[in-house]
Each structure stands twice: as structure tokens, then as C-alpha cells.
Amino acid sequence: MRVGFSNPTLLHEAFINRTEQTALYNTPQLSSKSKNPPQSNMSAATFIFSILLFQLLFASQPCHRILTSAADGRWQLLQKSIGVSAMHMQLLRNDRVVMFDRTDFGPSKLPLPNGKCRNDPADTALKVDCTAHSVEYDVLTNKFRALMVQTDVWCSSGAIMPNGNLVQSGGFNDGERRVRVFSPCSTCDWQEIPNGLAAKRWYASNHILPDGRQIIVGGRRQFNYEFVPKNIAANTFNLPFLSETNDKGVENNLYPFVFLNVDGNLFIFANNRAILLDYVKNEVVKTYPTIPGDDPRSYPSTGSAVLLPLKNLKAPAIQAEVLVCGGAPKGSYVQALRGTFIGALNTCARITITDPKPQWVIETMPLARVMGDMILLPNGNVLLINGAGSGSAGWELGRNPVLNPVLYRPDNKIGTRFETQNPTTIPRMYHSTAALLRDGRVLVGGSNPHAFYNLTGVLFPTELSLEAFSPAYLDANFNNLRPIIVAPKSTSGIKYGKKLTVQVVITGKVAQNLVSVTMVAPAFNTHSFSMNQRLLVLGNDKVTALGKSAFNIDVTTPRSAASVPGGNSPFGARPETEGSRRKGYAWAISAGLNAAFAAVSAKLFLPPLVRYGLVIIFNVIMWGCYVNSLKVLSSLQATVTNFATNFLTSGLAGFFLFEELLSFKWFAGALFILIGVLILSKSSLERKET
């Protein structure tokens with residue numbers, strides 16, 4: 001759990017102190033075909049506090065002048081070399097960050113442990129490679145260990161699932177249809193699922209959905225989307241928008257910016273325009289206007305984008321805004337191939353995607369930027385970091401590194417939202433990454449604009465280092481504003497749309513009317529886009545001083561799975577728990593009833609052909625219902641419910657229709673079965689993921 005205190009309206013905020021490392025994750029139930037499944041209840045296993053940034057931002061009014069005069073961030077070199085250039089980056093629930101590049105870069109600078117080697121006849125660089133192309137970085141100890149990917153993960157995508165696993169998809173060559181899983185543990189390594197994808201996915205984007213699945217959108221020459229896991233829809237679904245935004249010979253529509261809207265539909269941006277997609281019906285429900293100027297913002301004219309913090313979550317209608325920044329003017333990619341590097345775009349475009357008639361509002365950045373990253377900070381501000389001032393994405397195609405991050409304050413008036421921060425000394429060009437850590441710092445790595453590892457004799461050498469940027473809220477002057485979380489120690493009993501009390505200790509002065517609570521989900525970062533990034537502002541319902549610097553803060557948890565989707569939510573929530581479990585039990589009961597009907601049919605005084613026909617029909621229906629129940633319930637829950645229904649119905653049918661006596665043993669059995677079903681229905685058992 002991470003906590004910090006400040007007034008969200010201040011120019012700089014104090015932030016965060018680590019208090020716990022572990023968390024509970026659940027395996028998602030993936031049966032619902034609705035993008036907005038029922039979400040009235042969240043079981044203990046569905047709530048976590050560790051992988052999120054769960055912070056309480058406090059400040060007293062006298063702190064305002066101090067905070068606004070704070071330094072503009074500071075840089076720290078964490079590792080001179082981790083041996084691998086961090087092209088992809090994902091924070092895990094155990095305060096470790098998984099990073100990887102591509103297997104066909106040739107050898108990295110980090111050997112695999114214990115003499116291990118990767119044998120891959122399909123690899124285009126090394127058939128036998130004894131070096132690592134993935135690492136796990138331990139934030140707390142500042143140490144790292146080598147991991148082993150088996151196929152090429154170049155330009156792939158991914159997201160954290162509700163059970164805490166990183167599920168990562170696609171890549172190049174032999175990796176283009178792979179699904180990979182990394183579980184957060186000190187000895188875990190990559191596991192791969194061959195042919196886990198229905199289509200080749202290279203430069204695609206992923207997002208977690210309310211039912212816990214991932215949707216995978218686009219990729220090179222893939223104008224469609226699909227889902228993982230495959231227990232519902234195994235095929236691809238055409239998305240003409242992706243072909244419409246494909247500039248011939250350049251593309252400018254790869255790694256589309258994908259965000260889950262508050263209505264459960266998907267906002268998808270590619271090139272210079274966007275749609276709102278009902279992915280269940282495969283229908284475009286809204287087409288947004290083109291960004292003024294018509295310049296592309298998607299790879300290789302790479303800009304970046306965020307869904308701005310979601311606020312007023314108890315309001316009947318929640319407003320959602322998207323901010324797209326930077327990119328390259330039309331023709332930049334082709335000109336860069338010819339040796340002419342056009343200046344990057346210096347504009348951001350902001351749009352309220354929930355408006356009936358939305359329009360883009362253009363703002364000017366202090367620094368033009370292509371291949372930059374946009375990171376949501378816990379206080380609701382946006383950090384623009386990494387990138388180049390001219391050129392485009394691609395091998396050797398960027399120039400003029402932008403060393404200064406820029407802070408964007410979405411709540412300020414236009415013209416006062418940007419503030420330039422202190423610079424780094426390390427250029428972060430093509431294939432750079434950034435990720436928000438739970439202690440409030442931003443981890444920065446990567447940069448390799450070359451087809452191999454080139455460490456010397458080039459304009460921008462392959463970068464193997466790791467840095468951390470500490471925003472001004474981490475200044476030591478604000479230490480007394482950082483709280484220690486006392487409670488809750490367990491996430492048991494937390495539900496959607498319910499009150500939650502967080503008890504904290506803070507030694508500094510607290511203005512209770514300025515308390516605000518926010519939640520931030522961790523993102524999968526690559527190629528200037530942080531997939532699944534999301535921040536919710538809960539505010540506060542009530543703050544109670546308990547004495548001895550202790551406070552209770554009451555908040556209301558988000559009410560909607562569209563606000564807190566299954567895997568990217570700070571709770572790691574399974575939003576459809578109650579509704580789909582009811583459907584699962586309805587299927588299991590139907591299976592039991594049909595089994596009983598089959599038994600009764602066999603005893604009816606009907607011609608044999610009719611009797612046996614009915615038996616076959618009811619058994620076929622029974623198996624269909626049972627299979628549907630397994631999509632939601634565990635096999636034990638489904639089987640026991642099926643058997644209980646069959647047992648009770650058959651016994652009662654025998655008594656009323658055939659005058660068969662019900663013995664004491666039958667009543668005792670019925671009682672025990674009902675108790676068993678009741679216990680199982682309240683359990684946290686989940687079915688196995690398919």
C-alpha cells in the first residue's frame with residue numbers, strides 16, 4: 001500500500017510512504033458476454049491494495065507556499081546497466097518490475113543463470129542464445145535477475161490480470177501468436193502458450209475489460225480485435241476503423257490508444273481520430289472529429305495519450321476526458337528515412353469523450369516531443385517524459401533528445417497547465433519506457449534506436465541503465481505529510497459502491513476539508529503508450545481525527561465495473577461476481593432438473609421409443625446446462641449443485657408421481673446436501689481458467 005498527503009489543487013504535492021508489499025488477487029470469471037456485468041458485490045479475494053497506488057493526499061493550507069516553491073523534480077541513477085534494454089515495462093504487485101526487449105537483437109549484456117541457453121531455430125539473430133532478454137527488477141532492493149523468454153517479444157503488448165499475473169501477447173516471428181504469463185514470485189519465470197492468439201499481433205494494444213478478459217486491438221496488418229483468454233470468443237472481429245486510419249506505406253495507426261469509457265465501451269484512437277466501440281456487438285457507437293491540423297499521433301508518428309483522472313464517481317453521469325500529446329507532422333517518417341528530421345509536434349489535444357457533441361481543444365506544450373511517454377501521477381497530474389524533438393519512431397530516425405520532463409496539471413486553466421521539470425543527462429529515444437512505482441517515483445529505462453545492441457560509436461548508444469525521476473511531492477520537506485496506513489489490514493468485505501474507512505497516522509498538520517483519496521492502476525508501457533493506465537479520484541466522505549496524529553478517512557468505493565475494470569483496477573476486482581454467479585447456479589440447477597426429468601421419463605408409462613427419446617433429449621439439455629455452469633462456477637460448485645437438484649427433484653417426483661416412500665436417510669441426505677450447497681455458494685472457489 002502506498003500513501004501520501006496533500007491538497008490536490010496545489011502546484012506540487014507531498015506523497016507516499018510504503019507500508020505493505022503483499023496483496024490478494026483472484027482469477028477472473030470470464031463467462032459474461034456483457035461489457036457491464038452486475039457488480040454489486042466484491043469478495044475478499046477480488047480486492048487488493050498492493051499493485052495499485054492507493055494514496056491519501058493531505059495538506060494543510062499553510063503548506064501551500066512551501067509546496068509551490070518546491071524544486072521541479074530530481075533524478076537518480078539506479079543501475080548503470082541491467083544488461084537488457086527495457087523496451088517493455090510492467091510493475092507487478094510485489095514491487096518488482098518486469099522488463100524485456102526482443103530476442104533477435106543478438107546477445108544482450110546479461111547472461112542467463114546456471115548455464116541456461118535458449119534454443120530457437122526460428123530466431124533471426126541467434127539460434128542458440130545464452131543471454132537474457134528479460135529482467136525482473138526489485139524496486140525495494142535495487143537488484144535485478146535474469147528471466148528467460150522463449151520466443152520473440154519484440155513490439156508486443158500486455159496487461160495485469162485480476163489474479164496478479166502479467167499476461168502478455170504477440171511479438172515478432174515465432175512470437176507473433178504467443179501468449180505469455182509471468183507470475184509475481186521470487187523464482188518465477190516466463191511461461192508461454194503456443195497459438196494463444198487467433199491472429200498475428202505485432203504493435204497491438206491491450207486493455208482489461210470489466211469481465212476480467214483482455215481485448216487485443218490491431219497490430220501490423222491486423223484490422224481487427226480479439227480476446228484472451230479464449231473461453232468465450234476464440235475468433236477475431238473486424239474493425240474497419242483500423243484500415244481506414246492506415247496511411248499507405250507509413251501506417252500511422254499502430255499501437256492504437258485504447259481506453260475503457262465509463263459507459264463500458266472502448267475509446268480507440270488511431271492516426272488522428274477516434275471512435276467509441278461497443279466491442280460486444282462489434283458496433284461503432286460514436287465517431288469523434290479529427291484532431292485539428294490532421295497530423296498523425298500514432299506509431300511511427302508516435303505521440304502519447306492518457307485517460308485523464310475520473311472524478312465525481314458518485315454522480316449519475318461521470319465525465320471522461322482523453323489527452324493526446326506530441327507526435328510527428330505528416331511526412332515526418334518518410335523524410336526521416338531520407339535524412340531530413342522534421343520538428344515534432346508541440347501540441348496536445350484534449351476531448352471530453354462523454355459529451356454528446358465532443359470537440360478537440362488544442363493546447364501548446366513548452367517542448368515539442370515525439371516518442372514521449374505520458375504517466376499519470378497519483379495526485380492527478382500528468383508527466384510527459386522521454387522522447388525526441390524531431391524525426392519519428394523507427395531505426396535511427398529520431399534527433400534532438402528531449403531531456404526535460406514536463407508536468408501537465410489538468411485542473412488548471414488553459415495556458416497555466418504546463419511546467420518544465422529538471423532534466424536528465426541520458427537521452428531516452430526510440431524504445432524507451434517509463435512506469436509509475438508505488439513509492440511515487442517514475443522508473444525510466446530503455447532507448448535503443450538500433451537493430452542490435454550498439455554501445456559505442458553511434459549518435460545515441462543502446463541504453464541499458466535505469467533511472468528514477470522523483471516528482472516534487474517526494475521532496476524531504478514533505479516527510480511529515482506522508483502517512484502510515486494502520487487499517488484496513490485486510491481487504492475482506494469490500495464491495496462496489498460501499499463505504500470504506502482507511503485509518504492513517506500523519507505527524508504533520510492536516511486540513512480535513514482538503515483530504516482527497518485517489519487510486520491508480522499500474523500500466524504496461526511500451527512505445528510511448530501505457531496500456532491500462534487509469535486513475536480514480538474518490539475524494540472523501542468524512543475525515544475523523546482520532547488523536548495522536550491518527551485519522552479515519554471514509555470514502556465510497558467505485559460503483560461500476562466500467563470505472564474499475566477487472567484486471568487494471570486498483571482492487572483487481574472481479575466485477576461480475578454476484579450476477580454471473582447467480583447465472584452459473586441457474587445453469588447448474590437447470591442441469592440437475594433435466595437429469596431428474598430424464599430419470600422420471602424412464603419410468604413413465606409411454607411407448608419405449610418415446611421414453612428413451614425423452615431420456616436422450618433431457619440428458620443432452622442437462623449436459624449443455626452443466627457446461628454453461630462451468631463457465632462461471634468451479635467444477636465442485638457446479639457438480640454439487642447439479643447433484644443436489646437432481647437428488648431432491650428425483651426424490652420428490654418419485655414420492656408424488658410414483659408413490660415411492662421418502663426414508664429418513666433421504667431427508668438426512670437432503671439436509672446435508674443443502675448445507676453443502678450453501679457453504680459452497682459462499683466460498684471463494686473459482687473455476688479453472690481455460
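Structure: above.
Residues numbered from 1 in each chain as written. Predicted model: local features only at pLDDT ≥ 70, side-chain atom pairs only at ≥ 80, totals over all residues. Heavy atoms only, no water.

Caption draft 1: Main features of the overall build of the protein chain. Across its full length, the protein chain carries seven helices and 43 strands. By the burial criterion, 61% of the 690 residues in the protein chain qualify as buried. A separation threshold of at least 6 residues defines the contact pool for the protein chain, and within that pool the share at least 24 residues apart is 66%. For the protein chain, the accessible surface area stands at approximately 25,500 Å², while carbon and sulfur atoms represent 58% of it. (Helix = DSSP H or I, 4+ residues; strand = E, 2+ residues; numbered from the N terminus. Buried < 20%, exposed > 50% of the residue type's maximum accessible area, 1.4 Å probe, protein only. Contact = heavy atoms within 4.5 Å. Areas by Shrake-Rupley, 256 points an atom, 1.4 Å probe, with all protein chains shown as cover.)

Caption draft 2: Here's a closer look at the nonpolar core. One finds Val97, Met99, Tyr203 and Phe267 to be the most contacted residues of the largest nonpolar core, which totals 96 residues. The dominant element in this core, judged by the number of residues it contributes, is strand S6 (residues 96-100), at four residues. Setting aside anything within four residues of it in sequence, one finds Met99 in contact with Ile82, Ala86, His88, Met89, His133, Ser134, Val135, Tyr137 and Leu466. Judged by nonpolar contacts, the second largest core, of 28 residues, contains Leu308, Leu377, Ala434 and Val444. (Core = buried A, V, L, I, M, F, W, Y, C linked by side-chain atoms within 4.5 Å.)

Caption draft 3: Here's a closer look at helix H5 (residues 608-630). Spanning 23 residues, H5 covers 33 Å between terminal C-alpha atoms, matching the ideal 33 Å at 1.5 Å per step. Among the residues of H5, Arg611, Val615, Phe618, Met622, Cys625, Tyr626 and Ser629 are the ones counted as buried. (Expected span 1.5 Å × (residues − 1).)

Caption draft 4: Here's a closer look at the side chain of Ser134. Mapped onto the elements of the fold, Ser134 is located in strand S9 (residues 134-138). Classification of Ser134 by relative accessible area gives buried; the value is 0%. A polar contact is formed between the side chain of Ser134 and the backbone oxygen of Met99, at a distance of 3.0 Å. At 3.0 Å, the side chain of Ser134 and the side chain of Trp190 are in polar contact. (Polar contact = N/O pair within 3.5 Å; in protein donor to acceptor, adjacent residues only side chain to side chain.)

Caption draft 5: Highlighting the state of the cysteines. The full count for this structure, using the stated rule, is three disulfides. Cys325 shares a disulfide with Cys348; S-S distance 2.0 Å. What sets the handedness of the Cys325 and Cys348 disulfide is the S-S torsion sign, and at about 115° it is right-handed. Taken together, the positions of Cys325 in strand S24 (residues 321-325) and Cys348 in strand S25 (residues 347-352) put the pair 23 residues apart, joining distant regions of the chain. Of the two residues, Cys325 and Cys348, both sit in the buried class. Sequence-ordered numbering of the disulfide-bonded cysteines in the protein chain gives the connectivity 1-2, 3-4, 5-6. (Disulfide = S-S within 2.5 Å.)

Caption draft 6: Summary view of empty space enclosed by the protein. Tallied over the entire structure, the rule returns six cavities of 30 Å³ or more. A volume near 100 Å³ is recorded for the largest cavity. Those elements that place two or more of their residues in the lining of the largest cavity are strand S27 (373-376), strand S33 (432-436) and strand S38 (516-521). Among the residues forming the lining of the largest cavity, the class breakdown is 11 nonpolar, three polar and no charged. (1 Å grid on protein atoms, 1.4 Å probe; cavity = no way out; pocket = protein on both sides within 12 Å on 5 of 7 lines; lining within 4 Å. Points joined across faces, edges and corners; volume = space filled by probe spheres on them. Nonpolar A, V, L, I, M, F, W, Y, C, P; charged D, E, K, R; others polar.)

Caption draft 7: Structural detail: a nonpolar patch on the surface. A surface patch of nonpolar side chains, amounting to about 430 Å² of accessible area, comprises Leu652, Phe655, Phe656 and Leu657. You can see Leu652 is positioned in helix H6 (residues 635-658). (Patch = residues over 30% accessible without salt bridge, like charges linked within 9 Å, V, L, I, M, F, W, Y side chains within 5 Å. Salt bridge = Lys/Arg side-chain N within 4 Å of Asp/Glu carboxyl O.)

Caption draft 8: Representation of the sheet that holds strand S21 (residues 273-278). Pairing is antiparallel across the open sheet formed by four strands, whose spatial order is S19-S20-S21-S22. Sheet topology places strand S19 (257-260) and strand S22 (283-287) at the edges, where each strand pairs with a single neighbour. Between one strand axis and the next, the sheet turns through 25° on average, direction left out of account. (Pairing = 2+ DSSP bridges. Axes fitted to C-alpha atoms, helices over the stretch in contact; angles between N-to-C directions.)

Caption draft 9: Looking closely at the pattern of salt bridges. This structure, assessed with the given rule, holds 25 salt bridges. The salt bridge involving Glu136 is made with Arg145; its shortest N-O contact spans 2.7 Å. Judged by its relative accessible area of 2%, Glu136 is buried. Classification of Arg145 as partly exposed rests on a relative accessible area of 22%. Among the ionic pairs, Lys314 bridges to Asp541, the shortest N-O distance being 2.6 Å.

Caption draft 10: Highlighting the sheet that holds strand S42 (residues 542-547). Ordered by their spatial adjacency, four strands build an open sheet running S36-S37-S43-S42, and the pairing between neighbours is antiparallel. The open sheet is flanked by strand S36 (484-487) and S42, the only strands paired with a single partner. Within this sheet the neighbouring strands show an average axis-to-axis angle of 30°, counted without direction. With three bridges joining them, S36 and strand S37 (residues 499-505) adopt antiparallel strand pairing. In the strand pairing of S37, Ile485 is matched with Val504.

Caption draft 11: Broad picture of the environment of Leu652. On the accessibility criterion, Leu652 (38% relative accessible area) is partly exposed. In this structure, Leu652 is in contact with Leu662 and Trp666, ignoring residues within four places of it in sequence.

Caption draft 12: Representation of unusual backbone geometry. A cis amide bond links Val228 with the next residue in sequence, Pro229, at an omega value of -10°. Within the secondary structure, Pro229 sits in the loop between strand S17 (224-228) and strand S18 (237-238). Put simply, Tyr299 and Pro300 share a cis peptide bond, and its omega is 10°. Looking at the secondary structure, you find Pro300 in the loop between S22 and strand S23 (304-307). Unlike most non-glycine residues, Asn312 shows phi in positive territory, near 50°. Mapped onto the fold, Asn312 is located in the loop between S23 and S24.

Caption draft 13: Expanded view of the pairing of S25. Counted residue by residue, S25 has six buried out of six residues, so it is predominantly covered. As paired strands, S24 and S25 are joined by five bridges and run antiparallel to one another. The partner of Val324 across the bridge, within S25, is Ala349. Direction of pairing for S25 relative to strand S26 (residues 361-364): antiparallel, over a ladder of four bridges.

Caption draft 14: Spatial organisation of the pairing of strand S30 (residues 398-401). As paired strands, strand S29 (residues 388-391) and S30 are joined by three bridges and run antiparallel to one another. By the bridge assignment for S30, Ser390 is matched with Arg399. Linking S29 back to S30 in an antiparallel pair, the connection comprises six residues, with Gly394 at a positive phi of about 130°.

Caption draft 15: Molecular detail of the packing of aromatic side chains. Counted under the stated rule, the structure contains 30 aromatic pairs. Geometrically, the ring pair formed by Phe100 and Phe524 is tilted, given 6.2 Å between the ring centres and 45° between the ring planes. Of this pair, Phe100 sits in strand S6 while Phe524 sits in strand S39 (residues 524-526); the two residues are 424 residues apart in sequence, bridging distant segments of the chain. Measuring from centroid to centroid gives 6.1 Å for Phe227 and Tyr279, while their planes differ by 55°, and the two rings are tilted. With Phe227 in strand S17 and Tyr279 in the loop between S21 and S22, this pair connects stretches of sequence that are 52 residues apart. (Phe/Tyr/Trp six-rings, centres within 6.5 Å; stacked < 30°, edge-to-face > 60°.)

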